[in-house]
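# Survey of secondary and tertiary structure
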Amino acid sequence: MDPKFVRAEELGIRLEVVRGLSIWEAHPSPRHQRAVDRIRASIRPDERAGTPCTCVHLADVYVAFPDGSLKRPDVSVFCREPDELDDAVTLLPEAVIEVVSKGYEAKDLEIGPGFYLSQGVKDVLVFDPTSLLVLHATKAGTERATSPSERRLHCGCVVTI
């Protein structure tokens, strides 16, 4: 891993690089972490989908995207275990879920969805735990809902946000 990312982690800062732009963010609050834990606990295969996705999900891992960007989605959903164990994951997530942190709304609501979709992620979910807003962005458009909301993902997984 690039030394600047290791140093950022030591300082308690999350660093992402999106299309060459460095984005710094403080570590998540307890409200944020609890929301991520609840969401991850709800991820499961959709029995109605009949697809072989195992709905593997990882929290807060670096993902290296095709354009060279490096991001840390709050939750990344894969249909198989990524190969990387000690470095950034290069397997493209089927879905990503972001939980909005106070002060970083633009990063999660304005930058994230368009970026992820442009990289080939099929489902982008953004949850604001303060307003209970749930955004579900796909290539077909964006749906708004209020939490709790059950969302079916293109990969054959279901998540409750």
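See the structure printed just above.
Values in this document were obtained by computation on a predicted structure and should not be read as measured data.

Another aspect to go through is the pattern of salt bridges. This model, assessed by the stated rule, comprises eight salt bridges. Asp60 serves as the salt-bridge partner of Arg72, at 2.6 Å between the closest nitrogen and oxygen. Taken together, the residues span a long stretch of sequence, with Arg72 in the loop between β6 (70-71) and β7 (75-78) and Asp60 in the loop between β4 (56-59) and β5 (63-64) at a distance of 12 residues. We classify Arg72 as buried; its relative accessible area is 4%. On the accessibility criterion, Asp60 (27% relative accessible area) is partly exposed. Its salt-bridge partner being Asp83, residue Arg80 comes within 3.4 Å of it at the nearest N-O pair. Residue classification places Arg80 among the partly exposed positions, given a relative accessible area of 41%. Of the residues examined, Asp83 reaches a relative accessible area of 61% and is grouped as exposed. One network of salt bridges, with partners in common, ties together Arg44, Asp46, Glu150 and Arg152.

Looking now at the state of the cysteines. Scanning all chains against the criterion turns up two disulfides. The disulfide bridge from Cys53 ends at Cys79, spanning 2.2 Å between sulfur atoms. Judged by the sign of its S-S torsion, about -105 degrees, the cystine formed by Cys53 and Cys79 is left-handed. With Cys53 in the loop between β3 (44-45) and β4 and Cys79 in the loop between β7 and β8 (95-99), this pair connects stretches of sequence that are 26 residues apart. Judged by relative accessible area, which is 26%, Cys79 ranks as partly exposed. Between the sulfur of Cys55 and that of Cys157 lies a disulfide, 2.0 Å long from S to S. In this structure the cystine formed by Cys55 and Cys157 twists about its S-S bond by roughly -110 degrees; its chirality is therefore left-handed. Here the residue Cys55 occupies a position in the loop between β3 and β4, and Cys157 occupies one in strand β13 (residues 157-160), the gap between them amounting to 102 residues. You can call Cys157 buried: its relative accessible area is 0%. The connectivity of the disulfide-linked cysteines in the protein, indexed sequentially, is 1-3, 2-4.

Definitions and cut-offs
Residues numbered from 1 in each chain as written. Predicted model: local features only at pLDDT ≥ 70, side-chain atom pairs only at ≥ 80, totals over all residues. Heavy atoms only, no water. Salt bridge = Lys/Arg side-chain N within 4 Å of Asp/Glu carboxyl O. Helix = DSSP H or I, 4+ residues; strand = E, 2+ residues; numbered from the N terminus. Buried < 20%, exposed > 50% of the residue type's maximum accessible area, 1.4 Å probe, protein only. Disulfide = S-S within 2.5 Å.

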